[in-house]
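# Notes for the structure review
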Amino acid sequence: DDEAARLYRKAADQGDARGQRLLGNCFLKGKGVLRNDKEGARWNRLAADQGDVSAHIQLGALLQSGGDGIPQDFAEAARYF
């Protein structure tokens, strides 16, 4: 998990949408990094803004349900679905 998160961060830092989404999911699940919903949402939003469909779905679901430090926001969630 640590090695995967490290590689995803490297790709994410270079602007790779898939790397951003996968790193975001690491943060949401606490795999290889400390769990942090805000950081997970931030990386998924960056990927979604580049058109990553899976990031759109992940971010929409997070906004629909809310998370630690992420307020529930149905209108914003609908924007990503």
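About the cut-offs
- Residues numbered from 1 in each chain as written.
- Predicted model: local features only at pLDDT ≥ 70, side-chain atom pairs only at ≥ 80, totals over all residues.
- Heavy atoms only, no water.
- Helix = DSSP H or I, 4+ residues; strand = E, 2+ residues; numbered from the N terminus.
- Buried < 20%, exposed > 50% of the residue type's maximum accessible area, 1.4 Å probe, protein only.
- Contact = heavy atoms within 4.5 Å.
- Patch = residues over 30% accessible without salt bridge, like charges linked within 9 Å, V, L, I, M, F, W, Y side chains within 5 Å.
- Areas by Shrake-Rupley, 256 points an atom, 1.4 Å probe, with all protein chains shown as cover.
- Salt bridge = Lys/Arg side-chain N within 4 Å of Asp/Glu carboxyl O.
- Axes fitted to C-alpha atoms, helices over the stretch in contact; angles between N-to-C directions.
- Parallel < 35°, antiparallel > 145°, perpendicular 65-115°, else oblique.
- Left-handed = near helix turned anticlockwise from the far one by under 90°.
- Nonpolar A, V, L, I, M, F, W, Y, C, P; charged D, E, K, R; others polar.

## So, the side chain of Arg-21
Here Arg-21 lies in helix H2 (residues 17–29). Judged by relative accessible area, Arg-21 falls into the buried class, the value being 15%. Among all residues touching Arg-21, those that are not within four sequence positions of it are Trp-43, Asn-44, Ala-47, Asp-52, Ser-54 and Ala-55.

## Digging into a nonpolar patch on the surface
A surface patch of nonpolar side chains, about 320 Å² in accessible area, is lined by Val-53, Ile-57 and Phe-81. With respect to the secondary-structure elements, Phe-81 resides in the segment after helix H5 (74–80). Classification of Phe-81 as exposed rests on a relative accessible area of 52%.

## Brief notes about the packing of H2 against helix H4 (residues 53–65)
Orientation of H2 relative to H4, taken along the N-to-C sense of each, is 30°, at an axis distance of 10 Å. The orientation of H2 with respect to H4, classified from their angle, is roughly parallel. Two packed elements cross with a definite hand, and for H2 against H4 that hand is left-handed. Between H2 and H4, the contacting residues are Arg-21, Asn-25 and Leu-28 on the first element and Ser-54, Ala-55, Gln-58 and Leu-62 on the second. When its residues are assigned to classes, the contact of H2 with H4 shows three nonpolar, three polar and one charged.

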